[in-house]
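What follows is each chain in one-letter form.
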Amino acid sequence: DVLVGKVPDPKSQVEQITIALIYKFMDDMDRQSEELGGKATFFTGEFKKYRWANLLDKRLGGHERLLLYAEGIEKVNEGKNIPQLFRDIFKGVFLPYRDPETLNLFLKEINSFTYEHSERLGDAYEYLLSVLGTQGDAGQFRTPRHIIDFIATVVDPQKQETVLDPACGTAGFLISAYKHILKRNENLTPDERARLMTNFCGYDIAPDMVRLSRVNLYLHGFPSPVIHEYDTLTSEERWDERSDVIMANPPFMTPKGGIRPHNRFSIKANRSEVLFVDYIAEHLNPSGRAGVIVPEGIIFQSQNAYKALRKMLVENYLWAVISLPAGVFNPYSGVKTSILFLARNLAKQTDEILFVKIESDGFHLGAQRREISENDLPAALTLLQNFQQTGKSPKKS
């Protein structure tokens with residue numbers, strides 16, 4: 001609310017809040033360290049003048065504070081002593097307005113947050129990201145939390161497995177997989193928990209999304225999140241990396257002229273949804289499992305690339321298709337989508353594929369998405385879990 005007059009774009013607002021929160025938390029950690037008899041890590045030497053406490057010094061005039069903060073956020077990236085994660089978060093940031101009054105109100109709000117590794121802070125940040133909305137023009141739609149959690153429950157990542165999202169956006173799928181594992185393993189040892197933190201990886205092509213997902217994971221307790229700024233479809237330096245679990249809602253839009261992928265894809269295509277699904281299938285370990293949201297067109301389009309993709313999936317990977325209602329991505333898009341569930345082992349054991357149609361996901365399908373009592377997801381989950389165990393689908397239900 002403070003920023004809306006000066007920074008109209010929701011994504012830029014969230015970015016400014018992100019930067020300020022992390023800036024404040026770095027100072028919190030310095031103070032905590034000094035109170036325990038240690039030394040400051042972040043704001044030392046020439047950076048000392050940028051400390052949060054100095055910013056809030058009442059003797060500073062509004063313009064002086066503005067200049068100090070604007071300079072501080074731009075300089076963090078250059079700090080030799082500052083850990084790489086934080087330098088990466090501050091790469092290329094700047095203050096997009098020059099109004100001291102707005103900054104005073106803004107810093108006062110940020111000052112009320114303190115850095116503790118608490119779920120509450122991570123959840124507050126998740127809420128902040130949920131109001132981000134969309135980059136609809138790039139085909140990136142925020143996936144509703146209940147759909148992400150549904151996919152995580154079906155794919156069922158385990159504590160020793162590696163988890164990848166090759167189009168991670170704000171890291172919602174990675175957080176959901178992490179919470180799913182914690183719920184299933186309440187008594188993890190500190191060693192197991194530390195090892196678990198190293199099993200998650202995300203790629204995104206957009207530097208601002210990389211920043212948001214690193215911070216999101218960091219606020220959920222990940223000391224050094226592994227999120228790469230990486231173009232999954234046209235770069236090949238990570239091609240040889242495989243994962244046990246892949247969950248994603250890749251962008252559906254293909255730029256004008258198509259994508260020019262490198263030549264290691266087994267399906268020759270220039271449509272982003274075809275290439276992403278091919279990528280996900282090809283990057284599963286032998287016992288790997290995946291859940292991926294796709295536009296409905298993948299199931300019935302008749303061009304050669306779509307046919308080749310379906311043939312590959314049906315022969316080697318696909319075990320279930322969940323048809324979602326058209327309003328799931330409202331208010332951002334009315335696009336009709338499905339979830340494809342892939343698992344090499346299960347696909348080899350059975351010659352059946354389970355098709356489930358969801359009429360209602362527990363929310364009104366209009367722009368408001370109000371909660372309602374009808375919800376097919378629990379029944380769908382039971383069907384999917386039974387099929388995973390037996391390899392046989394019920395004839396009709």
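Please read these numbers as outputs of a predicted model, since none were measured by experiment.

**Student:** When you look at the confidence of the model for the protein in this model, what are you seeing that I'm missing?
**Tutor:** Looking at the protein as a whole, its pLDDT mean stands at 89, while 94% of the residues score no less than 70. Here residues 134-139 is a poorly scored stretch, pLDDT under 50, and it has 13 contacts once near neighbours within four places are set aside; other chains count.

**Student:** I tried to follow the packing of aromatic side chains on my own but got confused; where do I start?
**Tutor:** Remark: the centre distance and the inter-plane angle together describe each pair of aromatic rings, the angle taken between the planes. Summed over the entire model, instances satisfying the criterion amount to 17 aromatic pairs. Ring centres of Trp239 and Phe265 lie 5.0 Å apart, and the angle between their planes is 70°; this geometry places the pair in the edge-to-face category. Placement of Trp239 in the loop between strand 5 (227-229) and strand 6 (243-248) and of Phe265 in the loop between strand 6 and helix 11 (272-282) is noted, with a sequence separation of 26 residues between them. Cluster of aromatic residues (ring-pair linked, three or more members): Tyr23, Phe43, Trp52, Tyr69 and Phe90. It is Arg238 that lies over the ring of Tyr230; its NZ or CZ is 5.8 Å from the centre.

**Student:** What's the story with the side chain of Glu282 in this structure? I'm lost.
**Tutor:** Inspection of the secondary structure puts Glu282 in helix 11. No salt bridge is formed by the buried Glu282; the nearest opposite charge belongs to Arg242, separated by 6.0 Å. The residues touching Glu282, leaving out its near neighbours within four places in the chain, are Trp239, Arg242, Arg264, Phe265, Ser266 and Tyr317.

**Student:** What am I meant to see in the pairing of strand 7 (residues 284-295) here?
**Tutor:** It is a general feature of regular strands that their side chains alternate between the two faces of the sheet. Counting buried residues along strand 7, nine of its 12 residues qualify, which places the element largely inside the surrounding structure. Relative to strand 7, strand 6 is paired through five bridges, and the arrangement is parallel. Looking across to strand 7, one finds that Ile246 is bridged to Ala290. Handedness of the crossover is the feature at issue here: the chain leaves strand 6, passes through helix 11, returns alongside strand 7, and the resulting connection is right-handed. In this sheet, strand 9 (residues 337-343) lies alongside strand 7 in antiparallel orientation, the contact comprising seven bridges.

**Student:** Before we go on, may I ask you to explain the packing of helix 7 (residues 145-155) against helix 15 (residues 377-390) in this structure?
**Tutor:** Geometrically, a packed helix pair is captured by the angle between its two axes and the distance between the axes. Helix 15 packs onto helix 7 with a crossing angle of 20° between their chain directions and a minimal axis gap of 10 Å. Here helix 7 lies roughly parallel to helix 15, going by the angle between them. In this structure, the crossing between helix 7 and helix 15 has a hand that is right-handed. Facing His146, Ile147, Phe150, Thr153 and Val154 of helix 7, the residues of helix 15 in contact are Leu377, Ala380, Leu381, Leu384, Gln385 and Gln388. Here the residues of the contact of helix 7 with helix 15 are counted per class, giving seven nonpolar, four polar and no charged.

**Student:** What is the right way to read the environment of Lys179 from this model?
**Tutor:** Here Lys179 shows up in helix 8 (residues 172-184). Spatially, the C-alpha atom of Lys179 lies 15 Å from that of Ile246, the residues being 67 residues apart in sequence.

**Student:** Looking at this model, I keep getting lost on the pattern of salt bridges. Mind explaining?
**Tutor:** Close approach of charged atoms allows side chains with opposite charge to pair. Throughout the structure, instances matching the rule amount to 21 salt bridges. In this structure, the salt-bridge partner of Glu236 is Arg264, at a minimum N-O distance of 3.7 Å. Here Glu236 is found in the loop between strand 5 and strand 6, whereas its partner Arg264 is found in the loop between strand 6 and helix 11, with 28 residues between them in sequence. Judged by relative accessible area, which is 36%, Glu236 ranks as partly exposed. Classification of Arg264 as partly exposed rests on a relative accessible area of 33%. The partner of Glu315 in a salt bridge is Lys311, with the nearest N and O atoms 2.9 Å apart. Taken together, the residues Glu315 and Lys311, both in helix 13 (residues 304-316) and four residues apart, mark about one turn of the helix.

**Student:** I would appreciate a short explanation of the sheet that holds strand 6 in the present structure.
**Tutor:** Sheet architecture is open: eight strands sit in the order 5-4-3-6-7-9-8-10, paired in mixed fashion. In this open sheet, the two edge strands, each paired with only one partner strand, are strand 5 and strand 10 (354-357). Averaged over all adjacent pairs, the angle separating strand axes in this sheet is 15°, with direction ignored. Pairing of strand 8 (residues 318-323) with strand 9, which is carried by five bridges, proceeds in the antiparallel orientation. In the sheet register, Val321 faces strand 9, and the bridge partner there is Leu340. Sitting on the sheet, helix 8 touches strand 3 (163-165), strand 4 (200-204), strand 5, strand 6 and strand 7, and the angle it makes with strand 4 is about 170°.

**Student:** In this structure, what is going on with helix 10 (residues 207-219)? I would like to understand it.
**Tutor:** Think of an α-helix as 3.6 residues a turn; residues three or four steps apart then line up on the same face. For helix 10, which comprises 13 residues, the first-to-last C-alpha distance of 18 Å matches the rise-based estimate of 18 Å (1.5 Å per residue) to within 8%. Where burial is concerned, most of helix 10 is hidden: 12 out of the 13 residues are buried. Residues of helix 10 that are buried: Asp208, Met209, Val210, Arg211, Leu212, Ser213, Arg214, Val215, Asn216, Leu217, Tyr218 and Leu219. Backbone geometry just after helix 10 places Gly221 at a positive phi near 100°.

Conventions we followed
Residues numbered from 1 in each chain as written. Predicted model: local features only at pLDDT ≥ 70, side-chain atom pairs only at ≥ 80, totals over all residues. Heavy atoms only, no water. pLDDT = per-residue confidence, 0-100. Contact = heavy atoms within 4.5 Å. Phe/Tyr/Trp six-rings, centres within 6.5 Å; stacked < 30°, edge-to-face > 60°. Helix = DSSP H or I, 4+ residues; strand = E, 2+ residues; numbered from the N terminus. Lys NZ or Arg CZ within 6 Å of the ring centre and 35° of its normal. Buried < 20%, exposed > 50% of the residue type's maximum accessible area, 1.4 Å probe, protein only. Lys, Arg positive; Asp, Glu negative; His and termini not counted. Salt bridge = Lys/Arg side-chain N within 4 Å of Asp/Glu carboxyl O. Pairing = 2+ DSSP bridges. Right-handed = clockwise from strand over helix to strand, strands pointing away. Axes fitted to C-alpha atoms, helices over the stretch in contact; angles between N-to-C directions. Parallel < 35°, antiparallel > 145°, perpendicular 65-115°, else oblique. Left-handed = near helix turned anticlockwise from the far one by under 90°. Nonpolar A, V, L, I, M, F, W, Y, C, P; charged D, E, K, R; others polar. Expected span 1.5 Å × (residues − 1).

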